[in-house]
Amino acid sequence: MKVLIYGFGRMGLTHFSILNGLNPNLDFSVIEPNKLLRMILKKNINAKFYPDDSSLSDAFDITLITTPPSIHLKLMEQSIKRGDRKIFVEKPFGGFSNIKLENTSELKSIYIGYVLRFNPCIRWVKSNVAPNEIKSIHGQYLSNTIDKKPKGWRNGKFSGVCNEMGSHIIDLVQYLIDDKTLYVKDSKVQSKISDIDDIVEATLTSQTGVDISLYFNWVNKNVRKPVFSIEIETKDGFKYVIDQQQINKYRADKFIEKVSVINLAKTVPYYLRGVDFTDQMIDLTNDNRIMATVEDALNVNKTIAKILN
Amino acid sequence: MKIILGDNQFFGVNHFDLQKGEKTKSKFDTTNKIQSFINKALEIGMDGFMINSNEKGYELISETDFDSSKEIHYSIPYPHKYASMINENGMLSLLSFLIKNTSFLKNIIGGVKLVATQNLTSITPLALNLEVPNNLKKGSYIYMQNIITDLLMGMGRGDLLIEFIKNVYKLGYKPGIITLNPIMFDELLKKTNNKDILKELVVCFNINKEGFNVFPSLKNVEDLVRSKPNYKLMGMSIFASGAANIPSSIDYIKQLNLDYVVFGSSRIENVKSNLKLFRE
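The written sequence of each chain sets the order in which its residues are numbered from 1. Here chains are named by letter from A upward and ligands by number from 1 upward, in the order in which they appear as written. For this predicted model, a pLDDT threshold of at least 70 governs which residues receive local features, and a threshold of 80 or more governs which side-chain atom pairs are given and counted, while totals over whole chains, interfaces and linings are taken from all residues.

Draft legend 1. Seen up close, the environment of A:K86. All names here are of chain A. Where helices and strands are cited, they refer to DSSP runs of H or I of at least four residues and of E of at least two residues respectively, numbered from the N terminus. When you line up the elements, K86 lands in strand β5 (residues 86–90). Through-space distance from the C-alpha of K86 to that of I62 is 4.8 Å; in sequence the pair is 24 residues apart. Those residues within four positions of K86 in sequence are excluded, and the remaining contacts are D61, I62, S109 and L284. C-beta atoms are first placed from the backbone for all residues, and any pair lying within 7 Å is then listed as a contact.

Draft legend 2. Focus on the nonpolar core. The biggest cluster of nonpolar side chains holds 156 residues, and the ones touching the most others in it are B:V203 and B:C204. Residue contributions to this core reach at least three from each of two domains, namely domain 1 (2–90) and domain 2 (116–270 + 293–308) of chain A. Among residues more than four places away in sequence, those in contact with B:V203 are B:I177, B:T179, B:P182, B:F185, B:Y231, B:L233 and B:M234. Only buried Ala, Val, Leu, Ile, Met, Phe, Trp, Tyr and Cys residues enter a nonpolar core, and they are joined through C-beta atoms within 7 Å. Neighbour counting defines burial: a residue surrounded by 20 or more other C-beta atoms within 10 Å of its own C-beta is buried, one with 12 or fewer is exposed, and intermediate counts give partly exposed, using backbone-placed C-beta atoms. The split into domains, and so the bounds of each, comes from an automatic or database assignment of domains.

Draft legend 3. How the structure looks around the sheet that holds strand β8 (residues 260–263) of chain B. All names here are of chain B. Ordered in space as β1-β2-β3-β4-β5-β6-β7-β8, the eight strands form a closed barrel in which the pairing is parallel. Shown here is a sheet whose adjacent strand axes are inclined to one another by a mean of 25 degrees, direction ignored. Where strand β5 (residues 174–178) lies against strand β6 (residues 202–206), three bridges are found, and the strand directions are parallel. Bridging across to β6, I177 finds its partner in V203. Note on pairing: two strands pair once DSSP finds at least 2 bridges between them. Each axis is a line fitted through C-alpha atoms, and for a helix only the stretch in contact is used; angles between axes span 0 to 180 degrees, taken between their N-to-C directions.

Draft legend 4. Seen up close, the interface of chain A and chain B. At the junction of the two partners, chain A supplies 37 residues and chain B supplies 34 residues. Classifying every residue of the side of chain A that touches chain B gives 20 nonpolar, twelve polar and five charged. Each residue gets one label: Ala, Val, Leu, Ile, Met, Phe, Trp, Tyr, Cys and Pro are nonpolar, Asp, Glu, Lys and Arg are charged, and the others, such as Gly, are polar.

Draft legend 5. How the structure looks around the sheet that holds strand β7 (residues 134–142) of chain A. Residue and element names in this part refer to chain A. Across the sheet, which stays open at both edges, the eight strands sit in the order β8-β9-β10-β7-β11-β12-β13-β14 with mixed pairing between neighbours. Each edge of the sheet is formed by a strand with only one pairing partner; in this case those strands are β8 (182–190) and β14 (254–260). Ignoring which end each strand starts from, the neighbouring axes of this sheet average 10 degrees apart. Taken together, the six bridges between strand β13 (residues 246–251) and β14 define a ladder with antiparallel strand orientation. Looking at β14, one finds that K249 is bridged to E257.

Structure, rendered in structure tokens:
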């Protein structure tokens, strides 16, 4: 199987290692424009390295686009043109300004890297809480990512807490309520350290009438690493509080049961950075049952655009 | 079986409950508090302690003389520091940081070699020089953290881990490898011709009765333990990050006959009662 990776930063390297760890017989090509990095990689990694894709005319079985979001669309179009069979684009798929695409019939084999869908707790919720039973949902993402003003594109419109972290939560909300049309009622956006959105609060409603509230903060000094949480209230009076590691179920604020990742005891054949990342690549190379589609991602972008504007 | 105090509680790591992790971190907000807790644990009979090379861990080892009869298990690197560096300034920033921050005199050969050949095998002495304090008692263990171990194995560069092991020996220390893919690492060692490197090697991996974060499966890892490989085995996450029933977890671990176990707690009474159950 021939695999092409655009960009060999942290995510490119992570996906390469997972795919190679799962199947060492894959044939990798990597586009990395940085000459020095390419030279080092060539000597150390078993893959073909190119400065750009101009010499690549044969189709690839899988293409991963893990560059900064400003060039996601351009590279996706080139991959479609080459006839690549499956294309994976890292979230947030071009950022919030990317809300409309032409020729959507060609987009069926394109998937977006919303990895939290693969979290074992989210998998449990998806299997145990029916979307049409959800009355309200609150999503939150906290991190201490930014402690000084970021440089380059990370301080521009393709970055910000909404694009980089909030997009995960908006995707999860859409996925869990099974409704991609969200209306923003009000939002508050604050810049604390960067020139873009550092703290975002919003209330929304879905086409099917689910009440939604969101809170994203990537300048929170009280957390060591990124943490997300989702709270769901159902029409029949249950409440589910979900994070990376557990689901607590309540009825009228009375605790009923806890399901933890320990109960779920998910295993993967090769582990790096969480079972979610490995499962995402397994899904990509197999039947793509869980991955976010282009349509899902465009709707996330539309919602971000409405929140920020 | 030797019993080692873990360090997760000092740095807010709890794989089961993130909020609990943050709370315990605030209990250990100075190196003095960490040092005092370690000393108490050693006094009640723990065989040694594990500590990461983050800012506090490095300072603690640099400035403290611990009971010389106890073992120090020092892990490198502090992954979050490097992950943020790569996120903000790209992959090359990592190499440039290593070259700029290592001791010029000690690493001139390694540095020049890295620049001239671009071969990452020359990076190991630089990383060791940067991350290991001079005061670390000779004969102590130096571990490679799992995020790097597992990344290198996935990349197909397990040979860099073998280089790491050799370089640790050269410095007068004993090598350790932390991995969440112990079967893959065992296969790597089986392919290695130099069996001498296995003598003091400790391989640290997740093992618990619940099979929580035990990869690729609990059965595979139990089979590895029972195969009695030619290196030492250390079990971590033995209480499934605090979610398990402790006495039954300890009974389970005891029947595996590991060489080492590592566990942490923010309460010295818990360390004491767990130790008692291990020694019974």
